[in-house]
Amino acid sequence: MQPDINQSITARTDSGAEFLDAKKAEEALLLTSSADEYMNAAQLAFFRQRLLNERAELEAHLNEVKTAIASHERDSDEADQASFEEELRLSLRQADRESRLINNIDAALQRIENGEYGFCEETGEPIGIQRLLFRPTAKLCIEAKERQERKEHHFRKARGE
């Protein structure tokens with residue numbers, strides 16, 4: 001049986017600072033789990049919380065972008081306006097990426113609910129803890145993702161891109 005992640009990270013120094021970085025300790029504990037414990041309740045809870053935290057951060061950033069856009073004064077000179085428009089363009093591109101990532105996070109949370117999280121959509125094989133730590137929204141195992149990228153590269157090359 002796997003030890004409780006939160007209980008395993010309570011070591012502290014005399015100054016009150018955490019002895020180990022909690023995030024790294026949680027990840028290390030996940031990586032030491034045996035293969036038969038793959039996607040157990042503790043692991044699913046860890047990834048659910050990680051996805052929810054990332055979603056909250058993205059939503060907060062999107063709200064900041066909306067506020068910045070709404071609060072901009074349009075009475076400035078042409079150089080200031082041009083600078084603002086360039087910053088706006090970049091912010092909107094970032095917001096678009098973040099909106100798509102929120103959709104991917106929602107899909108990953110749904111896979112957790114359905115009991116499908118952590119398993120490749122193409123092969124049904126485990127995606128792997130390391131890959132999920134790097135990209136918690138991953139839907140494909142490394143081999144399937146590499147095949148997909150080779151196909152995409154082949155099609156782009158055939159179209160002359």
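Before going into details, it helps to say that this report is about the structure given with it. (Residues numbered from 1 in each chain as written. Predicted model: local features only at pLDDT ≥ 70, side-chain atom pairs only at ≥ 80, totals over all residues. Heavy atoms only, no water.)

The subject of this paragraph is the overall build of the chain. When its secondary structure is counted, the chain shows five helices and zero strands. Across the chain, contacts joining residues at least 24 apart in sequence account for 58% of those joining residues at least 6 apart. For the chain, the exposed surface amounts to about 11,300 Å²; the carbon and sulfur share of it is 50%. (Helix = DSSP H or I, 4+ residues; strand = E, 2+ residues; numbered from the N terminus. Contact = heavy atoms within 4.5 Å. Areas by Shrake-Rupley, 256 points an atom, 1.4 Å probe, with all protein chains shown as cover.)

Turning our attention to unusual backbone geometry. Not every positive phi belongs to a glycine, and Met39 is a case in point at roughly 55°. With respect to the helices and strands, Met39 occurs in the loop between helix H1 (22-31) and helix H2 (41-70).

A few words on the nonpolar core. Ranked by size, the top nonpolar core spans 24 residues in total, and within it Met39, Phe47, Leu51, Tyr117, Ile129 and Leu132 carry the most contacts. Elements represented by at least two residues in this core include exactly H2, helix H3 (78-114) and helix H4 (129-134). Sort the elements by how many residues they give to this core and H3 lands first, with six residues. When residues no more than four places from it in sequence are discounted, the contact partners of Phe47 are Leu30, Met39, Ile112, Tyr117, Ile129, Leu132 and Leu133. (Core = buried A, V, L, I, M, F, W, Y, C linked by side-chain atoms within 4.5 Å. Buried < 20%, exposed > 50% of the residue type's maximum accessible area, 1.4 Å probe, protein only.)

Tallied over the entire structure, the rule returns three aromatic pairs. Ring geometry for Phe47 and Tyr117: centres 5.6 Å apart, planes at 50°, overall tilted. Of this pair, Phe47 sits in helix H2 while Tyr117 is found in the loop between H3 and H4, placing the two residues 70 residues apart along the sequence. Here the aromatic residues Phe46, Phe47 and Tyr117 are joined through ring pairs into a cluster of three or more. (Phe/Tyr/Trp six-rings, centres within 6.5 Å; stacked < 30°, edge-to-face > 60°.)

Moving on, we come to the pattern of salt bridges. Throughout the structure, instances matching the rule amount to seven salt bridges. Taking the shortest distance from any N to any O, the salt bridge between Glu113 and Arg48 comes out at 1.7 Å. Of this pair, Glu113 sits in helix H3 while Arg48 sits in helix H2, and the two are 65 residues apart along the sequence. Arg89 is the partner of Glu86 in a salt bridge, and the nearest nitrogen-oxygen pair spans 2.6 Å. One end of the pair, Glu86, and the other, Arg89, are both in helix H3, three residues apart, so they sit about a helical turn from each other. Among the charged side chains, a network of salt bridges with common partners joins Arg55, Glu59 and Asp106. (Salt bridge = Lys/Arg side-chain N within 4 Å of Asp/Glu carboxyl O.)

Here we come to the packing of H1 against H2. Two packed helices can be described by the angle between their axes and the distance between those axes. Following both chains from N to C, one finds H1 and H2 inclined at 145°, their axes separated by 11 Å at the closest point. Considering how the two elements wind past one another, H1 and H2 form a crossing that is left-handed. Contacts between H1 and H2 pair Lys23, Glu26, Glu27 and Leu30 from the former with Gln43, Phe46, Phe47 and Arg50 from the latter. Considering only residue class, the contact of H1 with H2 consists of three nonpolar, one polar and four charged. (Axes fitted to C-alpha atoms, helices over the stretch in contact; angles between N-to-C directions. Left-handed = near helix turned anticlockwise from the far one by under 90°. Nonpolar A, V, L, I, M, F, W, Y, C, P; charged D, E, K, R; others polar.)

Within the secondary structure layout, Arg131 lies in helix H4. At 6.8 Å, Glu149 is the nearest oppositely charged side chain to Arg131, a buried residue that forms no salt bridge. Apart from residues no more than four positions distant in its own chain, Arg131 is found in contact with Ala138, Leu140, Cys141, Ile142 and Lys145. (Lys, Arg positive; Asp, Glu negative; His and termini not counted.)

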